[in-house]
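Breakdown of the fold
Each chain, written out:
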Amino acid sequence: IEHASDHDSLAYLASVRGKIGRKAILIPTTDGTSRFVDRWRLTLRDLFIFPEQPPGLVDSLCSKKSMYFLAKQHGIPTPECCFPTSRVELKSLVEKAKFPLLLKGIDGQRLWDRTRKKMFIVATPAELMKTYDFAEDPSSPNLMIQEYIPGGDDTIWMFNGYFDGNSDSLIGVTGKKIRQCPIHTGSTSLGICLANPQVEQSTRRFMKAVGYRGILDIGYRYDARDGLYKVLDVNPRIGATFRLFVGADGLDVARALYLDLTGQPVANSPAVEGRKWIVEDMDLVSSYRYFREGGLTIWGWLKSLRGIDEAAYLSVRDPLPILFMCINRLRDLAARGYRKIRPAALAPRLSTHNMLAPGASPKENIRDVPAGSL
């Protein structure tokens, strides 16, 4: 669905519905699929069961620009932002800017597709202009400048919850990131559940005000300069970290949605304070990079692994996920090794073919370079 046409996606979902034989719960897992379901809700409501949002709300929450103004409208603290539409506009903003700054995509997926980065931290005007030139699409501007809030990864807080048809939260759990991958700017690789009444209350108030329904994954950053928790991103869907946020009786947002949409009661399930969840492969990579940076010691790493309640892949009841994860990572390492070895193997050929013939110009010798070598 993410990369197919709407027509093909609808046909595929209709075929899935036919195989099931009755309506089933439909849960989007990305911003793109959330927007798709919202866009075609009138068609899909005859095939599946899912929470329907007020018109335009999903797009407003997925867009960092619209979300910024929505938060401002409802009095929810958020980092200051500006949205230049050209290089000329950006130059005029640079003169008044305080560095460092964050350069983000209004549509995060578009920035990722273009650069394979979620955001950039820029320290100087020259670095900002250079990064902007690299990352921006001049034909369809997508970049925004966001205030940088100082602090480590421990200032990043999350809320996972489920909101019913009245936009009341039937389950809401807060927590924070211990490590991220990529470091400082990525997804949670190791997280912990911790109560944060301010984050919880702010989220409940925000979602009630906009009339949101369904599963929500939202991120904040604590700003020690003014003591406020400031909303960074709102994901109107299930998040990759949802199994961190589990109640004492095993209730998570996916189960809460299922129970509510099938007319069953959703019991109040208190969060498990101190619950830890890890993504094994991502956290191994991020731990190594934090160690190289000087922000993590061997003892600190071992200490952080104590008390992990659940892993993304490893389970004694089902060994296949961890097996396939290991196979995929070994395949990735082999591919990287091959890419490093291949240029070295080609070097003698390239140097031979690039030698100038007596009296010849470099331009005349371009024809001698093997196809595909450049």
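A brief look at the structure comes next.

Thresholds applied
Residues numbered from 1 in each chain as written. Predicted model: local features only at pLDDT ≥ 70, side-chain atom pairs only at ≥ 80, totals over all residues. Heavy atoms only, no water. Helix = DSSP H or I, 4+ residues; strand = E, 2+ residues; numbered from the N terminus. Buried < 20%, exposed > 50% of the residue type's maximum accessible area, 1.4 Å probe, protein only. Contact = heavy atoms within 4.5 Å. Areas by Shrake-Rupley, 256 points an atom, 1.4 Å probe, with all protein chains shown as cover. Lys, Arg positive; Asp, Glu negative; His and termini not counted. Charge placed at Lys NZ, Arg CZ, Asp CG, Glu CD. 1 Å grid on protein atoms, 1.4 Å probe; cavity = no way out; pocket = protein on both sides within 12 Å on 5 of 7 lines; lining within 4 Å. Points joined across faces, edges and corners; volume = space filled by probe spheres on them. Core = buried A, V, L, I, M, F, W, Y, C linked by side-chain atoms within 4.5 Å. Polar contact = N/O pair within 3.5 Å; in protein donor to acceptor, adjacent residues only side chain to side chain. Axes fitted to C-alpha atoms, helices over the stretch in contact; angles between N-to-C directions. Parallel < 35°, antiparallel > 145°, perpendicular 65-115°, else oblique. Left-handed = near helix turned anticlockwise from the far one by under 90°. Nonpolar A, V, L, I, M, F, W, Y, C, P; charged D, E, K, R; others polar. Salt bridge = Lys/Arg side-chain N within 4 Å of Asp/Glu carboxyl O. Phe/Tyr/Trp six-rings, centres within 6.5 Å; stacked < 30°, edge-to-face > 60°. Patch = residues over 30% accessible without salt bridge, like charges linked within 9 Å, V, L, I, M, F, W, Y side chains within 5 Å.

Let's talk about the overall build of the chain
Counting secondary structure elements, the chain contains 14 helices and 13 strands. Reported as C-alpha extents along the three principal axes, the dimensions of the chain are approximately 85 × 55 × 55 Å. Residues counted as buried form 41% of the 374 residues belonging to the chain. The contacts in the chain between residues at least 6 apart in sequence include a share of 63% that link residues at least 24 apart. Summed over all atoms, the accessible surface of the chain reaches about 20,500 Å², with 59% contributed by carbon and sulfur. Of note, the chain has its 51 positive side-chain charges centred 4 Å away from the centre of its 41 negative side-chain charges.

Focus on empty space enclosed by the protein
Following the criterion strictly, the structure yields 2 cavities of 30 Å³ or more and no others. Roughly 210 Å³ of internal volume is contained in the largest cavity. Along the wall of the largest cavity there are 20 residues; nearest its centre are Pro 28, Pro 51, Gln 53, Tyr 212 and Pro 236. Elements with a contribution of two residues or more to the lining of the largest cavity: helix H2 (31-39) and strand E10 (214-223).

Here we look at the nonpolar core
Formed by 20 residues in total, the largest nonpolar core has its most connected members in Phe 206, Met 207, Tyr 212, Leu 216, Val 231 and Val 234. Elements that contribute at least two residues to this core include exactly helix H4 (57-62), helix H5 (64-73), strand E7 (156-163), helix H9 (197-210), E10 and strand E11 (228-235). Broken down by element, the residue count for this core peaks at 4 residues, all from H9. Setting aside residues no more than four positions away along its own chain, Val 231 makes contact with Met 67, Ala 71, Ile 76, Pro 77, Thr 78, Pro 79, Ile 218, Gly 219 and Tyr 220.

Section: the side chain of Lys 176
With respect to the helices, strands and loops of the structure, Lys 176 is situated in strand E8 (residues 169-181). At 3.1 Å, the side chain of Lys 176 forms a polar contact with the backbone oxygen of Asp 154. Not counting chain neighbours up to four residues away, the residues in contact with Lys 176 comprise Asp 154, Ile 156, Trp 157, Met 158, Gly 191, Ile 192 and Leu 194.

Some remarks on the packing of helix H6 (residues 87-94) against helix H8 (residues 125-135)
One can describe the packing of H6 onto H8 by two numbers: an axis separation of 11 Å at closest approach and a directional angle of 160 degrees. Comparing the axis directions of H6 and H8 gives the class roughly antiparallel. Crossing of H6 against H8: the hand is right-handed. Taking contact as the criterion, the partners of Arg 87, Leu 90, Lys 91 and Val 94 in H6 are, on H8, Pro 125, Leu 128, Met 129, Tyr 132 and Asp 133. Residues belonging to the contact of H6 with H8 are distributed by class as follows: 6 nonpolar, no polar and 3 charged.

Regarding the layout of surface pockets
Regions of empty space are outlined by a rolling probe, equal in size to a water molecule, passed over the atoms. Approximately 420 Å³ is the volume attributed to the second largest pocket. Lining the second largest pocket are 13 residues, with Asp 281, Val 285, Arg 329, Leu 333 and Arg 336 positioned closest to its centre. When contributions to the lining of the second largest pocket are tallied by element, the ones reaching two or more residues are helix H11 (280-293) and helix H13 (320-353). Taken together, the residues of the lining of the second largest pocket break down into 7 nonpolar, no polar and 6 charged.

Considerations on the pattern of salt bridges
Inspection of every chain in the model, using the stated rule, returns 24 salt bridges. Linking Arg 204 and Glu 200 is a salt bridge whose minimum nitrogen-to-oxygen distance equals 2.7 Å. With Arg 204 and Glu 200 both in helix H9 and 4 residues apart, the pair spans about one turn of that helix. Using a relative accessible area of 29% as the deciding quantity, one classes Arg 204 as partly exposed.

Quick notes on the environment of Gly 32
With respect to the helices and strands, the residue Gly 32 is situated in helix H2. Residue class for Gly 32 comes out partly exposed when judged on its relative accessible area of 28%.

Focus on the packing of aromatic side chains
Working definition: an aromatic ring pair is given by the centre-to-centre distance plus the angle between the planes. Taken as a whole, this structure holds 8 aromatic pairs when the rule is applied. With a centroid separation of 5.7 Å and 40 degrees between ring planes, the pair formed by Phe 69 and Phe 83 is classed as tilted. Taken together, the residues span a long stretch of sequence, with Phe 69 in helix H5 and Phe 83 in the loop between strand E3 (81-82) and H6 at a distance of 14 residues. The partly exposed category is assigned to Phe 69, whose relative accessible area is 47%.

Quick word on the environment of Trp 40
One can find Trp 40 in the loop between H2 and helix H3 (41-44). Spatially, the C-alpha atoms of Trp 40 and Leu 10 are 8.6 Å apart, while their sequence positions differ by 30 residues.

Some details on a positive patch on the surface
Side chains of Lys 117, Arg 289, Arg 336, Arg 339 and Lys 340 sit close together on the surface and give a patch of like positive charge. Its place among the elements puts Arg 339 in helix H13. Assessed through its relative accessible area of 53%, Arg 339 is described here as exposed.

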